[in-house]
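# Coordinate analysis (summary)
These are the residues of each chain, in order.
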Amino acid sequence: MKDVMGAVAIAVRPEAALSELVETMRRFKVGAVAVIDAEGRPIGVVSEDDLLPKEVDLSHGEMIPAGHKRCREHEKATGTTARDVMTSPALTVVEQTAVREAARLMNAHRIKQLPVVDVATGKIVGTVHQVDLLKIFSRRACDVLADVAAAVARLSPDPKALTIMVDAGVVRVAGKLARRSQIAEIVEAGRRVDGVVDLDVDATYDEDDVAGSR
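A brief look at the structure comes next. (Residues numbered from 1 in each chain as written. Predicted model: local features only at pLDDT ≥ 70, side-chain atom pairs only at ≥ 80, totals over all residues. Heavy atoms only, no water.)

### Some points on the layout of surface pockets
Put simply, the largest pocket is a space of about 670 Å³. Around the largest pocket sit 25 residues that line it, and Ala32, Val45, Ser47, Arg110 and Ile111 are the ones nearest its centre. Of all the elements in the fold, those that place two or more residues in the lining of the largest pocket are β2 (32-36), β3 (42-47), α2 (48-51), β5 (113-117) and β6 (124-129). Across the lining of the largest pocket, the residue classes tally to 12 nonpolar, 7 polar and 6 charged. (1 Å grid on protein atoms, 1.4 Å probe; cavity = no way out; pocket = protein on both sides within 12 Å on 5 of 7 lines; lining within 4 Å. Points joined across faces, edges and corners; volume = space filled by probe spheres on them. Helix = DSSP H or I, 4+ residues; strand = E, 2+ residues; numbered from the N terminus. Nonpolar A, V, L, I, M, F, W, Y, C, P; charged D, E, K, R; others polar.)

### Here's the deal with the nonpolar core
Membership of the largest hydrophobic core comes to 17 residues, with the highest contact counts inside it found for Val148, Val171, Val173, Ile186, Val196, Leu199 and Val201. For this core, the elements supplying multiple residues, two or more each, are α7 (141-153), β7 (162-167), β8 (170-179), α8 (181-191) and β9 (198-207). The element that contributes the greatest number of residues to this core is α7, accounting for 4 residues. Not counting residues up to four positions away in its chain, the partners in contact with valine 173 are Leu162, Thr163, Ile164, Ile186, Asp200, Val201 and Asp202. (Core = buried A, V, L, I, M, F, W, Y, C linked by side-chain atoms within 4.5 Å. Buried < 20%, exposed > 50% of the residue type's maximum accessible area, 1.4 Å probe, protein only. Contact = heavy atoms within 4.5 Å.)

### Here we look at the side chain of glutamine 182
Secondary-structure assignment places glutamine 182 in helix α8. Its relative accessible area of 4% is what places glutamine 182 among the buried residues. Within polar-contact distance, the side chain of glutamine 182 engages the backbone nitrogen of alanine 178 at 3.1 Å. At 3.2 Å, the side chain of glutamine 182 and the backbone nitrogen of arginine 179 are in polar contact. Beyond its immediate sequence surroundings of up to four residues, glutamine 182 is in contact with Leu155, Pro157 and Leu177. (Polar contact = N/O pair within 3.5 Å; in protein donor to acceptor, adjacent residues only side chain to side chain.)

### Describing the packing of helix α5 (residues 99-109) against helix α6 (residues 130-137)
Closest axis-to-axis distance for the α5/α6 pair is 10 Å, and the angle between their directions is 130°. Taken together, the axes of α5 and α6 lie oblique to each other. Of the two elements, α5 crosses α6, and the hand of that crossing is left-handed. Contacts from Val99, Arg100, Ala102, Ala103 and Met106 of α5 reach α6 at Gln130, Leu133, Ile136 and Phe137. Partitioned by chemical class, the residues of the contact of α5 with α6 number 7 nonpolar, 1 polar and 1 charged. (Axes fitted to C-alpha atoms, helices over the stretch in contact; angles between N-to-C directions. Parallel < 35°, antiparallel > 145°, perpendicular 65-115°, else oblique. Left-handed = near helix turned anticlockwise from the far one by under 90°.)

Here it is in C-alpha cells:
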C-alpha cells in the first residue's frame, strides 16, 4: 500500500463549512474528503453524494427516533458543516493493507478512494485512489510472473516441478508438491504480489499433511 498511496492526506476538520469541502474536492480533484478529529484520526467521510441536497418531508409532525435513517437524511439536508453531512464511521486502510484488499473494499462499497492511517496511532497518513490501484493491476505479465515465482521459491518447493502461468492478472500454478499444506501457502504468498487479481493452484502432492491435522 505504501508504494501506491498518495503522500497527501486529503482531510478537513468537523467544523469545516460546506464551501470548504467543495473547494477541497475541486483543488485535489477528488470525490470525497476524510473528516478528522483533533488528533488527526478519521471519524467520517464526506462524498459528493453527501453534499447533494436531499428532500426529506418531516412536515406531518411525525415522531422519528434519533438515529433513524430519515432523521439522519434530514440532518444532512439541513447541515452546514462536515460533521453534519459526513458518513460515519470512516472506512480506512493501513499502510500494511494489501493492494488487493483495498481494491476489494473500494469495489464492495462503491468508492474511489480510502484514507490510509497509521496502524499504531490511527492517524491519517495519506490517501489511496482507485486510479493508483488500477496501475498496479495493469502490471506486465512477465513482471507479475517473476514476482510470483520468487514468492513461491521462498516456500522451498522444487521449482522444476511447478509451472506458473499469468493471464490478465490471474495466476495458475500447476505441478507436483511435497505436501498438501503447500497449496495454501502458495496461494497466500502469491496473492500478496502486486498485480495478482486471483491465484489458483492445481497440483498433486506426495503427503496429505492437512487431513491428518484435523
